[in-house]
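# Commentary on secondary and tertiary structure
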Number of protein chains: 2
Amino acid sequence: MTKSRFLGEFEQYVILAVLRLDQQAYGSSIRQLLHDVIHRDVSIGALYTTLSRLEEKGLVESKMGEATAQRGGRAKKFFVVTGAGKQALQQSRQALDAMWRDVKLAFIEVAR
Amino acid sequence: MTKSRFLGEFEQYVILAVLRLDQQAYGSSIRQLLHDVIHRDVSIGALYTTLSRLEEKGLVESKMGEATAQRGGRAKKFFVVTGAGKQALQQSRQALDAMWRDVKLAFIEVAR
DNA sequence: CTATTATTACTACAATGTAGAGTATTGGTA
DNA sequence: TACCAATACTCTACATTGTAGTAATAATAG
């Protein structure tokens, strides 16, 4: 057991994006997905910083793509979520669900 | 519209706790709820810092309780979530739900 | 009036969020 | 071959959020 920290808010989104993109998750595609799904436009630099930190913590892993790209450009770095990453994500999910329980009823009445 | 930022991870928990506690949300009770529901033990100082910041941003409001407490101790400061707070919370919720969509299937298979 | 207890305020620092400029790699083209 | 456009990643710096610890404040029992 390493010291289990909590996932930051943006970290969760990034992990989810990597999961959704399956084997096709790399800087640009992740950024695009975040834009399409939650309309969150983050700079590419910001994204890479988060990806690096997640990798340091062992929550995602990366491997370089084929050296020869289709039409120019540097090789892609593909990311996948590790078991630890999935576990951390699940814990975050469960905690949030637990906190939302019972709130919904009281909340929905007033929130319109 | 003020510049709509995103809620931090812990900020969400605190807002949810205040909602759940309805009219009874103050330092100690919030802390207790966080402990009971998600087993997260945060220092009282950390909690107040976050509450203050939420208040600055207009996401929660506070009012002092009756001066005379039941059996000693200072008057409590009760917190409630503002409309803006509920809205911010809802947005965070929706964004996360949107990101989780489609992921579940692929995720659940592997996550055990 | 003091010990006790409950609560808030202040200070400081660590972790996460975020942007922007810079560097690398490769195909096409003059 | 030299250079430019296209694509992708890296580095640096700073803002915001997360967190603890300690000091200060209040109220009451005894």
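From a predicted model like this one, the values you see are computed outputs, not experimental measurements.

## Let's talk about the relation of the copies chain A and chain B
The relation between the two chain copies is a rotation about an axis coupled with a shift along that axis. For the pair chain A and chain B, the superposition axis carries a translation of 0.0 Å, the fit reaches an RMSD of 0.1 Å, and the rotation angle comes to 180 degrees. With respect to symmetry, the two chain copies, as superposed, fit the operation of a two-fold axis. It is Glu9(A) whose C-alpha, among those of chain A, lies nearest the rotation axis, at 2.5 Å. Of all interface residues in chain A, 100% are interface residues in chain B too; the two copies therefore contact each other through one and the same surface.

## Some details on the packing of aromatic side chains
Within this structure, the stated rule accounts for two aromatic pairs over all chains. Here Tyr26(A) and Phe78(A) contribute two aromatic rings whose centre-to-centre distance is 5.8 Å and whose plane-to-plane angle is 80 degrees, an arrangement assigned as edge-to-face. Residue Tyr26(A) is found in the loop between helix H1 (9-20) and helix H2 (27-38), and its partner Phe78(A) is found in strand E2 (residues 77-81); the two are separated by 52 residues along the sequence. On the basis of relative accessible area, Phe78(A) is assigned to the buried category, the value being 17%. Across the ring face of Trp100(A), the terminal group of Arg93(B) is positioned such that the distance to the ring centre comes to 4.8 Å.

## Quick notes on the nonpolar core
In terms of nonpolar packing, the biggest core is built from 64 residues, with Ile30(A) and Ile30(B) touching the most fellow members. Non-local contacts of Ile30(A), meaning those with residues more than four positions away in its chain, are made with Ala17(A), Val18(A), Leu21(A), Ala25(A), Leu47(A) and Leu51(A).

## Things to note about the interface of chain A and chain B
Interface size is often expressed as the accessible area that is lost when the parts come together. Opposite the 33 residues of chain A that make contact, chain B presents 33 residues. Here chain A and chain B share an interface that buries about 3,000 Å² over both sides, 70% of which is from carbon and sulfur atoms. Our enumeration of links across chain A and chain B arrives at two salt bridges. The tally of links from chain A across to chain B stands at six residue pairs in polar contact (both at pLDDT 80 or more). Where the side of chain A that touches chain B is concerned, the elements lending two or more residues are H1, H2, helix H4 (83-100) and helix H5 (103-110) of chain A. Residues belonging to the side of chain A that touches chain B are distributed by class as follows: 20 nonpolar, four polar and nine charged.

## A closer look at the side chain of Thr82(B)
Residue and element names in this part refer to chain B. Of note, Thr82 is situated in the loop between strand E2 (77-81) and helix H4 (83-100). Take Thr82: its relative accessible area is 11%, and that puts it in the buried class. Within the structure, Thr82 has its side chain in polar contact with the backbone oxygen of Gly58 (distance 2.7 Å). Among all residues touching Thr82, those that are not within four sequence positions of it are Gly58, Leu59, Val60 and Glu61.

## Re the pattern of salt bridges
Inspection of the entire model under this criterion finds eight salt bridges over all chains. In this structure, Asp97(A) and Arg93(A) form a salt bridge, with 3.5 Å as the shortest nitrogen-oxygen distance. Separated by four residues within a single helix, Asp97(A) and Arg93(A) lie in helix H4, roughly one turn from each other. Overall, Asp97(A) belongs to the partly exposed group, its relative accessible area being 26%. Between Glu9(B) and Arg40(B) there is a salt bridge, with its nearest N and O atoms 2.8 Å apart. Placement of the pair is Glu9(B) in helix H1 (residues 9-20) and Arg40(B) in the loop between helix H2 (27-38) and helix H3 (44-56), with a sequence separation of 31 residues. Judged by relative accessible area, Glu9(B) falls into the buried class, the value being 14%.

The rules behind each value
Residues numbered from 1 in each chain as written. Chains lettered and ligands numbered in written order. Predicted model: local features only at pLDDT ≥ 70, side-chain atom pairs only at ≥ 80, totals over all residues. Heavy atoms only, no water. Least-squares fit on C-alpha atoms with pLDDT ≥ 70 in both. Contact = heavy atoms within 4.5 Å. Phe/Tyr/Trp six-rings, centres within 6.5 Å; stacked < 30°, edge-to-face > 60°. Helix = DSSP H or I, 4+ residues; strand = E, 2+ residues; numbered from the N terminus. Buried < 20%, exposed > 50% of the residue type's maximum accessible area, 1.4 Å probe, protein only. Lys NZ or Arg CZ within 6 Å of the ring centre and 35° of its normal. Core = buried A, V, L, I, M, F, W, Y, C linked by side-chain atoms within 4.5 Å. Buried area = accessible area lost by both parts, 1.4 Å probe. Salt bridge = Lys/Arg side-chain N within 4 Å of Asp/Glu carboxyl O. Polar contact = N/O pair within 3.5 Å; in protein donor to acceptor, adjacent residues only side chain to side chain. Nonpolar A, V, L, I, M, F, W, Y, C, P; charged D, E, K, R; others polar.

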